[in-house]
Amino acid sequence: MMLKYIVIALVGLGIYIGVTYKDEIEDVMDARSFEEVHDAYEDAADKADDAADELSDKWKELTK
């Protein structure tokens, strides 16, 4: 019986914390900066692939 009240109190506390500190939690969990880093990594990888393809094509031309 007491366990039910403890669970209800913990859920209520979690809701209170979530509502009160919503903005701070979103700032900490901000995924936009991770997305920007991931996009920059993908761009760099694409440029490296393009450069490797270009060098490969030039190598094939020189070895003909």
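Look above for the structure.
Residues numbered from 1 in each chain as written. Predicted model: local features only at pLDDT ≥ 70, side-chain atom pairs only at ≥ 80, totals over all residues. Heavy atoms only, no water.

Enquirer: How should I be thinking about the overall build of the protein chain in this particular structure?
Expert: In terms of helices and strands, the protein chain carries three helices and zero strands. Along the protein chain, helices (α) and strands (β) appear in the sequence α-α-α when read from the amino end. Here the protein chain has a C-alpha radius of gyration of 26 Å; the compact-globule value for 64 residues is 11 Å, and the former is much larger. Its C-alpha atoms give the protein chain principal-axis dimensions of roughly 85 × 25 × 10 Å. The buried share of the protein chain, taken over its 64 residues, is 0%. A total accessible area of about 6,200 Å² is found for the protein chain, and carbon and sulfur atoms account for 64% of it. Charged side chains of the protein chain number 7 positive and 17 negative; the gap between the two group centres comes to 4 Å. (Helix = DSSP H or I, 4+ residues; strand = E, 2+ residues; numbered from the N terminus. Rg over C-alpha atoms; globule rule 2.2 N^0.38 Å. Buried < 20%, exposed > 50% of the residue type's maximum accessible area, 1.4 Å probe, protein only. Areas by Shrake-Rupley, 256 points an atom, 1.4 Å probe, with all protein chains shown as cover. Lys, Arg positive; Asp, Glu negative; His and termini not counted. Charge placed at Lys NZ, Arg CZ, Asp CG, Glu CD.)

Enquirer: Honestly, a negative patch on the surface in this entry has me stumped. Any pointers?
Expert: Among the surface-exposed residues, Glu-35, Glu-36, Asp-39, Glu-42, Asp-43, Asp-46, Asp-49, Asp-50, Asp-53, Asp-57 and Glu-61 lie close enough to one another that they form a single negatively charged patch. Along the chain, the position of Asp-53 falls in helix H3 (residues 32-62). (Patch = residues over 30% accessible without salt bridge, like charges linked within 9 Å, V, L, I, M, F, W, Y side chains within 5 Å. Salt bridge = Lys/Arg side-chain N within 4 Å of Asp/Glu carboxyl O.)

Enquirer: Sorry if this is basic, but what is going on with the environment of Tyr-41 here?
Expert: Here Tyr-41 shows up in helix H3. Separated by 17 residues in the primary sequence, Tyr-41 and Lys-58 have C-alpha atoms spaced 26 Å apart.

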